[in-house]
Amino acid sequence: MNIKPVIHNSRESERTSYDTADQTSRSKHEITPMEHMVAPGKQLFIAHDPYDPRSEKIRALRTELLLRRESVNRADIVALLSPCAGEGRTLLAAELAIAFAQMDRPTLLVDADLRRPQQHVLFDTDNRQGLSQAIEYGVKPQLHTVQGLPRMALLTAGAVPGNPLELLSSSRFASMIEDWRDKFEFVVLDTAPIMHFSDGLAVASLAGRVLALSRAQHTPYKDMQDMLRRLAATRSQILGAVINHF
């Protein structure tokens, strides 16, 4: 299994270099409060084997994204989108969040796939409460710490609601994202497949920055083109494209 990052960015002139010296002000943020600690599953190689070839690919992708940061004063929020199911979007979102947290920077992984959520499976935790309940009832999201990654938090999707698109298009979710911008340094959002649902477009419009994912010899070219066309309507910045090989 490997990942081939293919970065295409129409805003190369706006690329911002990553300067670790500028991160001091944000390092004071602590990830509290938490519900309980969860553990990364064995399939998340980057959490267990830093020398695995896939781990090296994830770090290379992390570097590409760091070079595209717009500001070091607010969180860099990235939504991962792909056309279809089975393209490795959920796994890549978790791996990227882990990679950012391994830099000792406050990082939040959010499962915004309210159709068929899977982040709780990767971290072997309960999914009865999560993002959907926080939005629907206006309560504080239940964040979980991650074993071995003290600077990382996980927000699971919660029980599948009857109105996912409406929740992800709501002002409550928009307010959550703005709150995360001030509390974390990196936020990674997992989403539902675009060809089946419009949820990811709603998330992208709020996040403002998108990483597009496809799977080699799996994702139809026309589906990828259609997703990029639909993303253009959200006015989100497409940071690049990743071709997943597995």
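Residues numbered from 1 in each chain as written. Predicted model: local features only at pLDDT ≥ 70, side-chain atom pairs only at ≥ 80, totals over all residues. Heavy atoms only, no water.

*Asks:* Even after reading the chapter, I still don't get the pattern of salt bridges, so can you show me in this structure?
*Replies:* Pairs may arise between side chains of opposite charge once their charged atoms sit close together. Applying the stated rule across the entire model yields 17 salt bridges. One salt bridge connects Arg54 with Glu95, and the closest N-O pair in it is separated by 2.5 Å. A residue pair is termed long-range when its members are at least 10 positions apart, and Arg54 in helix H2 (residues 53–66) and Glu95 in helix H3 (residues 89–101) qualify at 41 residues. You'll find Arg54 and Glu95 in the same group, each marked buried. Across the salt bridge formed by Arg74 and Glu178, the nearest N and O atoms sit 3.4 Å from each other. Here Arg74 is found in the loop between H2 and strand E3 (76–81), whereas its partner Glu178 is found in helix H7 (residues 171–183), with 104 residues between them in sequence. (Salt bridge = Lys/Arg side-chain N within 4 Å of Asp/Glu carboxyl O. Helix = DSSP H or I, 4+ residues; strand = E, 2+ residues; numbered from the N terminus. Buried < 20%, exposed > 50% of the residue type's maximum accessible area, 1.4 Å probe, protein only.)

*Asks:* Is there a simple way to think about the packing of aromatic side chains in this case?
*Replies:* Two aromatic rings, taken as a pair, are described by how far apart their centres are and by the angle between their planes. In the structure shown here, the tally under the stated rule is two aromatic pairs. Taking the centre distance of 4.2 Å and the plane angle of 5° together, the rings of Phe100 and Phe186 count as stacked. Note that Phe100 is positioned in helix H3 and Phe186 in strand E7 (residues 186–190), a separation of 86 residues in sequence. For Phe100, a relative accessible area of 3% puts it in the buried group. Take Phe186: its relative accessible area is 1%, and that puts it in the buried class. With centroids separated by 6.3 Å and ring planes inclined at 80°, the aromatic side chains of Phe173 and Trp180 adopt a geometry described as edge-to-face. Residue Phe173 shares its accessibility class with Trp180, and that shared class is buried. (Phe/Tyr/Trp six-rings, centres within 6.5 Å; stacked < 30°, edge-to-face > 60°.)

*Asks:* It is not clear to me how the pairing of strand E4 (residues 107–111) should be interpreted in this structure. Could you clarify?
*Replies:* In summary, the side chains of a regular strand alternate between the two faces of the sheet. Along E4, five of the five residues are buried, which leaves the element largely enclosed by surrounding structure. The two faces of E4 match: Thr107, Leu109 and Asp111 on one face and Leu108 and Val110 on the other face are all buried. Direction of pairing for E4 relative to strand E6 (residues 149–155): parallel, over a ladder of four bridges. Its bridge partner lying in E6, Val110 is registered against Leu155. By the bridge criterion, five bridges tie E4 to E7 in an arrangement that is parallel. Directly across from Thr107, in E7, lies its bridge partner Phe186. (Pairing = 2+ DSSP bridges.)

*Asks:* Looking at this structure, how should I read the nonpolar core?
*Replies:* Note on soluble globular proteins: their nonpolar side chains tend to be buried together. Judged by nonpolar contacts, the single largest core of 35 residues is most densely connected at Leu108, Leu131, Leu168, Phe173, Trp180, Val187 and Leu189. Ranked by the residues each element gives to this core, the list is headed by helix H8 (residues 199–207), at five residues. In contact with Trp180, not counting residues within four places along its chain, are Ala75, Leu108, Val110, Leu131, Leu155, Phe173, Val187 and Leu189. Formed by 32 residues, the second largest nonpolar core is a distinct cluster that contains Ala97, Phe123, Phe186 and Leu239. (Core = buried A, V, L, I, M, F, W, Y, C linked by side-chain atoms within 4.5 Å. Contact = heavy atoms within 4.5 Å.)

*Asks:* Is there a simple way to explain the packing of H7 against H8 in this structure?
*Replies:* The description of two helices packed together rests on the angle between their axes and the distance between the axes. Axis separation between H7 and H8 bottoms out at 10 Å; the angle between their running directions is 45°. With respect to their mutual orientation, H7 and H8 come out oblique. Considering how the two elements wind past one another, H7 and H8 form a crossing that is right-handed. On the side of H7, the interface is formed by Phe173, Ala174, Ile177 and Arg181, while H8 contributes Val203, Leu206 and Ala207. Residues belonging to the contact of H7 with H8 are distributed by class as follows: six nonpolar, no polar and one charged. (Axes fitted to C-alpha atoms, helices over the stretch in contact; angles between N-to-C directions. Parallel < 35°, antiparallel > 145°, perpendicular 65-115°, else oblique. Left-handed = near helix turned anticlockwise from the far one by under 90°. Nonpolar A, V, L, I, M, F, W, Y, C, P; charged D, E, K, R; others polar.)

*Asks:* How should I be thinking about the environment of Leu211 in this particular structure?
*Replies:* Looking at where Leu211 falls in the secondary structure, it is placed in strand E8 (residues 209–215). Between the C-alpha atoms of Leu211 and Ser82, which are 129 residues apart in sequence, the distance is 8.6 Å. Not counting chain neighbours up to four residues away, the residues in contact with Leu211 comprise Leu61, Leu65, Val78, Ala79, Leu80, Leu81, Leu96, Gly240 and Val242.

*Asks:* Would you mind going over the environment of Met224 with me for this structure?
*Replies:* Looking at the element boundaries, Met224 is found in helix H9 (residues 221–232). Separated by 141 residues in sequence, Met224 and Pro83 have C-alpha atoms that sit 6.0 Å apart. The residues contacting Met224, other than those within four sequence positions of it, are Pro83, Ala212, Leu213, Ser214 and Thr219.

*Asks:* Looking at this structure, I do not really get H8. What am I missing?
*Replies:* Within H8, seven of the nine residues are buried, which leaves the element mostly enclosed by the surrounding structure. Buried residues belonging to H8 abut E3, helix H6 (164–168), H7, E7, E8 and H9. Positive backbone phi, at 90°, marks Gly208, one or two positions downstream of H8.

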